[in-house]
Amino acid sequence: MSEIACPPARPAWRLALPPTLRPVLSGLVVPVLLIGVWQVIAAAHVVAPYILPSPAAVLARFRVELAGGTFRGDVVASLSRALGGFATGAPTGLAFGLLLGLSRLAGRLFGPIFLAYRQIALFAWVPLLAMWFGGGEAGKLAFIALAAFAPAAVNAWRAAAAIPAPYRELSKALTLGRLDHLRLVALPSALPGMLTGLRSSLIHAWLATVGAELFLDIAPGLGGRLNEGRDKFEVDLMIVALTVLAILGLGFSQLAATAERQSLRWRRR
Amino acid sequence: MTDALPDRSDAIAALEIDRVGKIFDVAGRRVEALRDISFSVRTGEFVAIVGASGCGKSTLLRLILGLDTDYQGEVRLDGRRVKKPDLNRGIVFQDHRLLPWLTAEGNVAAALRRSGLPKSERRQLVAEHLKLVGLENFADAWPAQLSGGMSQRVAIARALVNRPRFLLLDEPLGALDALTRLRLQDELARIVRHEGTTALLVTHDVDEAVFLADRIIVLQPDPGRIARIVEVNLDAHRDRSAPAFLRLRDEILGTLGVRPSPRAIATAA
Amino acid sequence: MSRLATALLVPALLFGLWSVSAAQGWLPEQLLPAPTAVWDALAETAVGGDLSADILISLQRVGEGFALGALAGLGFGGAIGLSRTLRALFDPLFLLLAQVPPLAWIPLVILAVGIDEAMKVTVIAWASFVPVVLGVAQGIRDVPEPLRELGRALTFDPWDLVSRIVFPAAVPAIFTGLREGLANAWQTLVAAELFASSEGLGYLISLGRQLFQLDLVLAMVLVLGIVGLSVNGALALVERRLLRWQAPAS
Ligand SMILES: Nc1ncnc2c1ncn2[C@@H]1O[C@H](COP(=O)(O)OP(=O)(O)OP(=O)(O)O)[C@@H](O)[C@H]1O
Ligand SMILES: [Mg+2]
């Protein structure tokens, strides 16, 4: 996050670049080198092309997928699954977490069993949900929603339970009613934690989407394409799908970070 | 009870502190913060409380506000025991305790939630009080953008905005520079006189106490109890360098265990 | 009511509801087997089958993968945390790769190293590597400037600066990374075993699904919870010992 206060002296040649471009360029050095090595290896035919296709072949596959194939449909299917599960699981998780954090009774009743539930690895639920909801769309959405639920709940719970005592005292001193306390003190104080929860929840929804597509019935989606690539031994297709997954994941984190900055304006100086 | 009020009747005492004691439990150890504190405050009076750090000044204010009802003895307002905070008593906490997610304006307005006033009137009151503390140009600033002294001024505006009968001030000018401090002392004296507010001021600054108060309660630590109560029989408009002023100040410093400097004695003489 | 009684109230109610539902046959057995059936399945795998062998193989996979990933993560995270140049070079690529959910690598890794132990350990190692790198690098970068200044005032050499000031101050963040890495390793293990395995807890779960034996699935879910709890508890114990100087969070 914050860089060290005084930058060390730099070599003069770096001053020629505009400062905004410098991090972009230095970040490109290693990837470009790696792609170069990859190209050399592929061109030298050290490895069979079906195991390591050349960068050009991957790029060509990318074009083909974008132009003709089902790829756009796959991306849309994965995205809408992830967002659908997130839109169900995350708000429920926030509400549940806030209830646990704001009401001592609810915290004592539901807190321990929720913590116990959290110990079970997420993917252990896949077979159960598949049997309850089927391996189709309903099962996938249920799994993604479940994945999005817990991070939102945990963070909201922690944040709502940790409203600083001085603020609670201030609420009493100003004789705020329950609603005003919630609106002016409790929710804003818990907001950073809730946003952290939402971000984590989004990441988990994305992870669960890929998992659901890999483990449950075949359907359009990026996970399905990965499986297809494995079955048909098409490494170029898998690299394309992984790249798109990375870019979409990056987009999600940027989105979450922007939303967080926007709603926490009061923290900025 | 208070032996310092020979010539005034107790019948008009608005606030009575009657043999109040408070014991904290710190890690299984009993810490006696206050012992046998008794005094009363008449309507319109300005009382200052001075004493060493940790002698229970903030604790006493919290009891008077009604934030803590677990103590020995009784705090009475108009003859009735104080049970919980209400808008008759405004407080400026020692830490300014602004809500960081509300603007300066929002923080002051939060105190008016329970006033029952119409919106337009509230907005006007907020603006007036921000002007009163010289922050009319910072209405939209977040607390993170204010200096420590500015934050304390917002807190003072928040305490005043309900026109409380009692103003409880816990070192409200502690974080201010010497100049602003002097200016705000004048301001405080004017406001209190103008609004007819009864004020209870905790301070470390004996000059401030002598300048503002009609009566000074000197506390001594371990456990916190009253060392003595001093009447300030000076004019309403006090001269900070008048011999009578300095003599009284040195007397109180003596009670607190500080020997006045020779220079101070020379000026006083 | 005591705290414990309150905590047990909801689980007891749920269990009661489950028992009644099973006794009354509200739901078909394929959807919700009776508690007794789950207990029998658990006892059967524990006594007749080789549950302990499956637990051991799962733990071994997590152990190997996590050890590998965490060690590599400490090294790489330390490097990009301490050196601006390395950070500028490697951070963007790493961040991009870190965006891919760990289990999405499984199909590709299967093609590269086959479906056996190497695949599981590789994927688990990568899954623990990512949070450890993030935690270590962030922890080092967030060491307060006043502390570094203190080191300069005491004329520490770079080694002393790192070992006496930077590293200890970063330990809490490093542990956050390690804890997340372990959690990720555990999640990924189950996913990998579910996907392709012939032994281990995840395998037993997927076996239960294939045989339509929901009692076996539920029993293994229970075992997973208990093992996960013990592993997390062990790490928390280590952490408490190393972070004794920190005031307990209230
Ligand atoms: N919530 C609490 N729990 C335990 N002990 C407390 C608590 N609040 C105050 N005390 C103790 O009561 C004593 C008085 O504290 P208090 O804050 O009232 O002092 P003070 O006179 O306001 O000091 P200062 O001038 O430094 O603000 C101290 O010994 C403190 O440790
Ligand atoms: Mg105090």
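Up top is the structure.
Residues numbered from 1 in each chain as written. Chains lettered and ligands numbered in written order. Predicted model: local features only at pLDDT ≥ 70, side-chain atom pairs only at ≥ 80, totals over all residues. Heavy atoms only, no water.

## Looking at the pattern of salt bridges
Rules: Here, a salt bridge means any Lys or Arg side-chain nitrogen found within 4 Å of an Asp or Glu carboxyl oxygen. We count a stretch as a helix when DSSP gives it H or I for four or more residues in a row; a strand needs E for two or more, and each element gets its number in order from the N terminus. The cut-offs for exposure are 20% and 50% of the maximum accessible area for each residue type, with area from a 1.4 Å probe on protein chains only; residues under the lower value are buried, those over the upper are exposed, and the others partly exposed.
All told, the structure shown has 40 salt bridges over all chains when counted by the stated rule. For the salt bridge of A:Glu213 with A:Arg81, the shortest nitrogen-to-oxygen distance reads 2.5 Å. Taken together, the residues A:Glu213 in helix H8 (residues 178–215) and A:Arg81 in helix H3 (residues 71–102) connect sequence positions 132 residues apart. The pair A:Glu213 / A:Arg81 is uniform in exposure class, with both members buried. With its nearest N and O atoms 2.9 Å apart, the salt bridge here joins B:Asp68 to B:Lys22. Here B:Asp68 is found in the loop between helix H1 (57–65) and strand E4 (72–77), whereas its partner B:Lys22 is found in strand E1 (residues 13–26), with 46 residues between them in sequence. A relative accessible area of 14% means that B:Asp68 is categorised as buried. Among the ionic contacts, a cluster of salt bridges with common partners joins A:Arg61, A:Glu65, A:Asp74, A:Arg225, A:Glu228, A:Lys232, A:Glu234 and A:Asp236.

## Thoughts on the site of ligand 1
Residue and element names in this part refer to chain B. Inclusion rule: Nearness is defined per residue: one heavy atom within 4 Å of the molecule or strand is enough. Throughout this description, a polar contact denotes any pair of N or O atoms lying within 3.5 Å of each other; where both atoms belong to protein, one of them has to be capable of donating a hydrogen while the other can accept it, and for residues adjacent in sequence the pair is counted only when both atoms sit in side chains. Areas reported as accessible are Shrake-Rupley estimates using a 1.4 Å probe. Residue values count occlusion only from the protein chains shown.
Around ligand 1 sit 13 residues, and of these Ser53, Lys57, Ser58, Thr59 and Gln94 come closest. Between ligand 1 and Lys57 there is a distance of 2.7 Å, counted from an oxygen atom to a side-chain nitrogen or oxygen. Expressed as a share of its isolated accessible area of 630 Å², the protein-covered part of ligand 1 is 64%. For the shell around ligand 1, the secondary-structure elements that each account for two or more residues are E1 and H1. The element best represented in the shell around ligand 1 is H1, accounting for three residues.

## Some details on the arrangement of the chains
Applicable threshold: In this analysis, two residues are considered to be in contact whenever any of their non-hydrogen atoms come within 4.5 Å of each other.
With two pairs of chains in contact, the largest contact count belongs to chains A and C. Without any contact between them, chain B and chain C keep their closest C-alpha atoms 13 Å apart.

## Overview of helix H6 (residues 117–141) of chain C
Note the cut-off: How far a helix is expected to stretch is found by multiplying one less than its residue total by 1.5 Å.
The end-to-end C-alpha distance of H6(C) is 36 Å, a good match for the 36 Å that 25 residues give at a rise of 1.5 Å each. The buried fraction of H6(C) amounts to 19 of the 25 residues, a majority that puts the element mostly inside the structure.

## Some remarks on the interface of chain C and chain A
Size of an interface, as often reported, equals the accessible area lost when the parts are brought together. Rules: The term buried area denotes the loss of accessible surface (1.4 Å probe radius) that occurs when two parts are joined, taken as the sum for both partners.
With 54 residues of chain C at the interface, the matching set in chain A holds 50 residues. Where chain C abuts chain A, roughly 4,700 Å² becomes buried across the two surfaces, and 74% of that area is made up of carbon and sulfur atoms. Counting the surface chain C buries against chain A, the share from its top three residues, C:Arg84, C:Leu111 and C:Arg209, is 14%. Viewed at the interface, chain A and chain C are joined by zero salt bridges. Those elements giving two or more residues to the side of chain C that touches chain A turn out to be helix H1 (3–24), helix H4 (84–98), helix H5 (106–113), H6, helix H7 (145–153), helix H8 (158–195), helix H9 (201–210) and helix H10 (214–242) of chain C.

## Considerations on the sheet that holds strand E5 (residues 80–81) of chain B
By way of backbone hydrogen bonds, the strands of a sheet pair with one another, either parallel or antiparallel. Residues and elements named next belong to chain B. Rules: Pairing between strands is defined by DSSP: at least two bridges between them are needed. Here an angle of 0 to 180 degrees is reported between the N-to-C directions of two axes, which are lines fitted to C-alpha atoms, with helices fitted over the stretch in contact.
Sheet architecture is open: four strands sit in the order E2-E1-E4-E5, paired in antiparallel fashion. Each edge of the sheet is formed by a strand with only one pairing partner; in this case those strands are strand E2 (29–42) and E5. Across the sheet, H1 lies against E1, E2 and E4, angled at about 120 degrees from E1, the strand it touches most.

## Topic: the nonpolar core
Here is the rule we go by: For the purposes of this section, nonpolar cores are sets of buried Ala, Val, Leu, Ile, Met, Phe, Trp, Tyr and Cys residues that join through side-chain atoms within 4.5 Å.
Core analysis: the largest hydrophobic core is formed by 104 residues, its most contacted members being A:Phe114, A:Phe123, A:Phe215, A:Leu245 and C:Met220. The element best represented in this core is H8(C), accounting for 15 residues. Discounting chain neighbours no more than four positions away, the residues touching A:Phe114 are A:Phe96, A:Leu100, A:Phe149, A:Ala150, A:Ala153, A:Val154 and A:Trp157.

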